[in-house]
Structures are given as structure tokens and as C-alpha cells.
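# Structure at a glance
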Amino acid sequence: MLSIWGLPAFDDNYLWIVHNGKDAIAVDPGDAAVVSKALQEHGLQLRAILATHKHADHTGGIARLLAQSPVPVYGSQTDQIPGLTHPVSDGERITIPELNLTLEVIAVPGHTLGHVAYYTASEQALFSGDTLIAGGCGRLFEGSAAQMRASLNKLAALPAHTRVYCAHEYTLSNLRFAAAAEPDNPQVAVRLQHVQSLRAENKPSVPSLLADELATNPFLRSDQHGIVATLRRECGLPEQADADACFAALREWKNRF
Ligand SMILES: [Zn+2]
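Description of the structure in this document. Since the model is a prediction, treat every value here as computed from it, not as a measurement. (Residues numbered from 1 in each chain as written. Predicted model: local features only at pLDDT ≥ 70, side-chain atom pairs only at ≥ 80, totals over all residues. Heavy atoms only, no water.)

## A few points about the sheet that holds strand β9 (residues 116–120)
Think of a sheet as strands paired side by side through backbone hydrogen bonds, with each pair either parallel or antiparallel. Taken in spatial order, the six strands make up an open sheet running β7-β8-β9-β10-β13-β14, and their pairing is mixed. In the strand order of this sheet, the two ends are held by β7 (93–96) and β14 (208–209), each with one partner. Here strand β13 (residues 163–166) runs beside β14; their pairing, made up of two bridges, is antiparallel. Within β14, the position partnered with V164 by the bridge is S208. Strands in contact with helix α4 (residues 145–156) are β8 (101–107), β9 and β10 (125–129); relative to β8, the strand with the most contacts, it is inclined by about 150 degrees. (Pairing = 2+ DSSP bridges. Helix = DSSP H or I, 4+ residues; strand = E, 2+ residues; numbered from the N terminus. Contact = heavy atoms within 4.5 Å. Axes fitted to C-alpha atoms, helices over the stretch in contact; angles between N-to-C directions.)

As C-alpha cells, this is what we get:
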């Protein structure tokens, strides 16, 4: 197994490094200094950069990292990733020979139109960027609620033991919202308590387990009876609302929660 390290950056981001003790890739290097420092301290050679989407907290360090070591940059053409050398598309497989690592590209539009996630079966890991965030999901800056729901459904279909490496430490506030959206779900309460104690000790709550997301993340459960009932009560969701309308109402409620 490879090591996957989350480097804290900015207020609440995680920049991910995957390595074998010698060679490394960086996922969403928003801050070059943070990534360079970790590579240097541990004698790691950067071999590739993967970007999930275009936002600066995910891509801001790419140019400086490339100035230090010109490596392939994988990401979406639609999102115009800086320094992009390898535009990726849905279903494509990326191989990093130095790490003997293969990743599958999953197109997940919604947060941005070109957002992609990277899944590796050998490491049982998903780099989900700002699409599936522990306990929640990203905001809809460019895509529609229907697009985001379809994107999350694709990720939800991965093996339940997959670890979800999202880009932000938002879990606590996400789970407070989850508890409001689905007050009768005992697993939400258990997870909320667990994450509260992790954060009280300043420990990361990421990665999470996909099985836990399926059981507690309201954005993977927006058609569940308990959540629909809450949306009717809190947001005036009509009786005949379809699954996309439920998801849209949930996402809008979260924006103002
Ligand atoms: Zn973003």
C-alpha cells in the first residue's frame, strides 16, 4: 500500500500527497510551499500533479511546483487547470508508473462543470475534491442540482470500504446540518459525536469511509423519507417533488443553514 498524507493548508484545506517513500504525486496542490516542504523533508520526488477542479485553493501552487520540477499535470480541460498537460475524461485510467498506481477518472460536474474525482481500487481511495465532502457536498457554483446529484450517485456506487479524501475539514458543520435534516437517523448522532471528539483533539476527520457517508451524508440520502419530511416542513417542498427537486431544496437549505 502507498502512503496518503493530508497536508493542512489555508484555513481548512487538505492537500494530498500519495507516495511510496521515494516518489510522490500531489492532488490539488493549492499551496506550493506546503507541498514542497513535505516533499523536501521526506526526500520525495514529485512525479505528477492531479487537479480535481479549477479553484485557486486546489490549483494555486501548480505553477510554482512545475517551476521546480516539470511533471505531468492531469485535470479537466473544461476547468482550464493551470499548467495542464494531460486533459482527462470520464472513465479514463491514469497510470503513474513510479508508484505503480492506476487511477480512474470520474467526471463529477456540479461544483464546477469540469470537476473530476480520482479513484484508485488498489488503494481503496477516492479523491473527491469539492464534490463529495465528508458529511456534505460542495456548493453549486456552475452546475445544476440534477448534475450534482448524478455526480454524487456515481461516487456512491463505488465499494463501500472506499476511503473518501475530500479537500476540506467541514465535517463538523456538515454533520450538524445532517442532524437537522435527518433528526431520526441514529448513525448521524453517533458520527457527529465521534467527529466532535476528533476535532476537540485537533485531529482530522478526513478521510471518511464511503459506508459512513452512505449512512449519514444527507446529500447521498436526499430521497430518504426522513429527509423529504424535513424538507416539506422546513422548506415547503411540494408533495409531488421529484428526487432532483428534493436535492435542490436540501442544497439551498444548507446554503442558508
Ligand atoms: Zn472548489
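There is more to say after this.
## Description of the pattern of salt bridges
All told, the structure shown has eleven salt bridges when counted by the stated rule. Two residues, K22 and D23, come together in a salt bridge whose shortest N-O distance is 3.4 Å. The exposure class assigned to D23 is buried, which follows from its relative accessible area of 4%. Residues E201 and K203 are paired through a salt bridge, measuring 2.8 Å at the closest nitrogen-oxygen approach. Because the salt bridges share partners, they merge into one network encompassing K22, D23 and R47. (Salt bridge = Lys/Arg side-chain N within 4 Å of Asp/Glu carboxyl O. Buried < 20%, exposed > 50% of the residue type's maximum accessible area, 1.4 Å probe, protein only.)

Such coordinate-based values are descriptive only and should not be taken to indicate function.
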